[in-house]
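Given next are the chains, with one letter for each unit.
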2 protein chains.
Amino acid sequence: MPPPAKHRDAIVDAAVRLFRQKGYAATGLAEIVEASGAPKGSVYHYFPGGKAAIGAAAVREAGRRVLGTVRGLAESTQSAGELVTAHAELLAAWMAQSGYRDGAPMTTVLLENAPQDGPITAAGQDALRAWSGELAARLERDGVASDRAQRLASLTLSALEGALVQARVEQSGLPLIIAAQELSRLYLASV
Amino acid sequence: MPPPAKHRDAIVDAAVRLFRQKGYAATGLAEIVEASGAPKGSVYHYFPGGKAAIGAAAVREAGRRVLGTVRGLAESTQSAGELVTAHAELLAAWMAQSGYRDGAPMTTVLLENAPQDGPITAAGQDALRAWSGELAARLERDGVASDRAQRLASLTLSALEGALVQARVEQSGLPLIIAAQELSRLYLASV
């Protein structure tokens, strides 16, 4: 009898949180299962590939969440500049709330495992490309040419990912806010 | 009789390389000593604090190298835009040479340990602030106002750090080159 599907989600949720807080290698499989509340046996049912398979699933889930956030903000804002500013403010608030311990949703796992782990790398590519595509589409709606919009989207992803690293180190949301403000200026100058 | 000082440097060099390639938690203390060629006993002589102390020393050493690179490039280039472009090209070449496995010099260690480990976090702050200060000084020499120069330097650090993550995931130096080109445009528009 297969365990209920909710356990899969609980395992992935726990992995997303633990990987984000302390990284992939430092998080044990037993710790993930324990934090998830799922019965120990269920982990091999859902993830016969073990921890690496959970790593790929966690990156996909983190990517889905980022995309959901960006899509939500794209609807509630009027321009790419407002979108990136709102996103940076949200990230800064989350970071502050966690005492700057709860940073980049997938960066640590990707830095530890890409490109050597194929499925984790593929999950990262899909997540980054979906996020980038959403931003580029928003920039195009603002009047930025397609090629330029893709370049600005690439820079934006880089800047927000790197600003999350700086925010942890400086224990401040300022690197995120500064990145968004400067990106907004560049967007305006690119129409 | 204390072991020769060269062993300390060899241990730090090995740690910088291994942490950069696979992260902090995934790298064992024994692996660092083995890769360094130092006698096993010497590690506790130089680093009574064990692996965490090596982590802080590795971040400081990585920071020194970044600063050396940026200072060297500041002398051989004519503007902040040329500097960041040359830096990005260098990083992209190093990444390609390593099969995109040898990425960010300190980001993984910082994401895994900041802010919970005090000495590693302090080493990261010093490294990022020194790099940022060098860039801001270059921007000011180009005619950018001091406050703005510091903001652009902060964005630049974020963008290059994040682009290194993207470069690993995409196995391409393009995110680095795009970031530098777009930052150069923003610098020019900020004079």
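Keep in mind the model is a prediction, meaning the values are calculated, not measured.

Participant: An account of the overall build of chain A is needed here, citing residue identities and associated values.
Facilitator: Counting secondary structure elements, chain A contains 9 helices and 0 strands. When the helices and strands of chain A are placed in sequence order, the string is α-α-α-α-α-α-α-α-α. Here the C-alpha atoms of chain A give a radius of gyration of 18 Å, agreeing with the 16 Å that 2.2 N^0.38 yields for 191 residues. Dimensions of chain A, computed from C-alpha atoms along their principal axes, come out at roughly 55 × 35 × 30 Å. Per-residue burial for chain A yields a buried fraction of 53% across its 191 residues.

Participant: A description of the environment of A:Leu110 should follow, citing residues and the corresponding values.
Facilitator: As for its position among the elements, A:Leu110 is in helix α6 (residues 107–113). You can call A:Leu110 buried: it has 30 C-beta atoms within 10 Å. Residues A:Leu110 and A:Thr121, spaced 11 residues apart in sequence, show a C-alpha to C-alpha distance of 6.9 Å. When sequence neighbours within four positions are dropped, the list of residues in contact with A:Leu110 reads A:Val59, A:Gly124, B:Val165, B:Arg168 and B:Val169.

Participant: Tell me about the relation of the copies chain A and chain B, and name the residues and values.
Facilitator: Expressed as a screw operation, the relation of chain A to chain B combines 0.0 Å of axial shift with a rotation of 180 degrees, fitting to an RMSD of 0.0 Å. As the rotation angle and translation indicate, the two copies are arranged about a two-fold axis. Comparing contact sets, 100% of the residues at the interface of chain A also lie at the interface in chain B, consistent with an isologous, same-surface contact.

Participant: Which residues make up the environment of B:Met106, and what are the values?
Facilitator: All names here are of chain B. Relative to the helices and strands, Met106 resides in the loop between α5 (80–97) and α6 (107–113). Met106 gets classed as buried once you count the C-beta atoms within 10 Å, which come to 28. Separated by 50 residues in the primary sequence, Met106 and Ala56 place their C-alpha atoms 10.0 Å from one another. Residues contacting Met106, with those up to four places away along its chain left out, are Val59, Ala62, Gly63, Gly124 and Ala127.

Participant: So what's going on with helix α1 (residues 6–22) of chain B? Residues and values would help.
Facilitator: Because an α-helix completes one turn every 3.6 residues, residues spaced three or four positions apart along the sequence face the same direction. Residue and element names in this part refer to chain B. The terminal C-alpha atoms of α1 lie 24 Å apart, and with 17 residues this matches the ideal 24 Å at 1.5 Å per residue to within 8%. Along α1, the positions that sit buried rather than exposed are His7, Ile11, Val12, Ala14, Ala15, Val16, Leu18, Phe19 and Arg20. The inward-facing, buried residues of α1 contact α2 (29–36), α3 (42–46), α4 (50–76) and α6. Gly23, located one to two residues past α1, shows a positive phi value of around 95 degrees.

Participant: An account of the interface of chain A and chain B is requested, with residue identities and associated values reported.
Facilitator: With 43 residues of chain A at the interface, the matching set in chain B holds 43 residues. Secondary-structure elements contributing two or more residues to the side of chain A that touches chain B are α6, α7 (118–141), α8 (146–170) and α9 (174–188) of chain A. Residue contributions to the side of chain A that touches chain B peak at 16 residues, all from α8(A). For the side of chain A that touches chain B, a count of residues per class yields 22 nonpolar, 13 polar and 8 charged.

Participant: Help me get a handle on α8(A), residues and values and all.
Facilitator: Residues and elements named next belong to chain A. Taking 1.5 Å of rise per residue, 25 residues should cover 36 Å, and α8 covers 35 Å from first to last C-alpha, within 8% of that figure. Where burial is concerned, most of α8 is hidden: 21 out of the 25 residues are buried. Trailing α8 by a residue or two, Gln171 shows a phi angle of about 50 degrees, which is positive.

Participant: Give me the lowdown on the packing of helix α7 (residues 118–141) of chain B against helix α8 (residues 146–170) of chain B, citing residues and values where you can.
Facilitator: Residue and element names in this part refer to chain B. Where α7 meets α8, the closest approach of the two axes is 8 Å, and the angle between their N-to-C directions is 130 degrees. Judged on the interaxial angle alone, α8 and α7 are oblique. Our pair here, α7 against α8, has a crossing hand that is right-handed. Counted together, Leu128, Trp131, Ser132, Leu135, Ala136, Leu139 and Glu140 of α7 and Ser146, Ala149, Gln150, Leu152, Ala153, Ser154, Thr156 and Leu157 of α8 form the full contact between these two elements. A class-by-class count of the residues in the contact of α7 with α8 yields 9 nonpolar, 5 polar and 1 charged.

Participant: Just give me the short version of the packing of helix α1 (residues 6–22) of chain A against helix α2 (residues 29–36) of chain A, but keep the residues and values in it.
Facilitator: Residues and elements named next belong to chain A. Between α1 and α2, the shortest axis-to-axis distance is 8 Å and the interhelical angle comes to 120 degrees. Here α1 lies oblique to α2, going by the angle between them. As for how α1 packs across α2, the hand of that crossing is right-handed. Along the contact surface, α1 presents Ala10, Ile11, Asp13, Ala14, Ala15 and Leu18, while α2 presents Glu31, Ile32, Val33, Ala35 and Ser36.

Participant: Break down the confidence of the model for chain A for me, citing the residues and quoting the values.
Facilitator: Close reading of the predicted structure is inappropriate where its pLDDT is low. Across chain A, the average pLDDT comes to 94, with 98% of residues at 70 or higher. Scoring the predicted complex yields pTM 0.94 and, for the interface, ipTM 0.94.

Participant: How would you explain the environment of A:Glu161 if you had to name every residue and give the values?
Facilitator: Examined against the element boundaries, A:Glu161 turns out to sit in helix α8. Measuring from C-alpha to C-alpha, the distance between A:Glu161 and A:Ala104 comes to 6.7 Å, with 57 residues separating the pair along the chain. A:Glu161 has contacts with A:Ala104, A:Thr107, B:Gly162 and B:Val165, leaving out every residue within four places of it along the chain.

Definitions and limits used
Residues numbered from 1 in each chain as written. Chains lettered and ligands numbered in written order. Predicted model: local features only at pLDDT ≥ 70, side-chain atom pairs only at ≥ 80, totals over all residues. Helix = DSSP H or I, 4+ residues; strand = E, 2+ residues; numbered from the N terminus. Rg over C-alpha atoms; globule rule 2.2 N^0.38 Å. Buried ≥ 20, exposed ≤ 12 C-beta atoms within 10 Å, placed from the backbone. Contact = placed C-beta atoms within 7 Å. Least-squares fit on C-alpha atoms with pLDDT ≥ 70 in both. Expected span 1.5 Å × (residues − 1). Nonpolar A, V, L, I, M, F, W, Y, C, P; charged D, E, K, R; others polar. Axes fitted to C-alpha atoms, helices over the stretch in contact; angles between N-to-C directions. Parallel < 35°, antiparallel > 145°, perpendicular 65-115°, else oblique. Left-handed = near helix turned anticlockwise from the far one by under 90°. pLDDT = per-residue confidence, 0-100.

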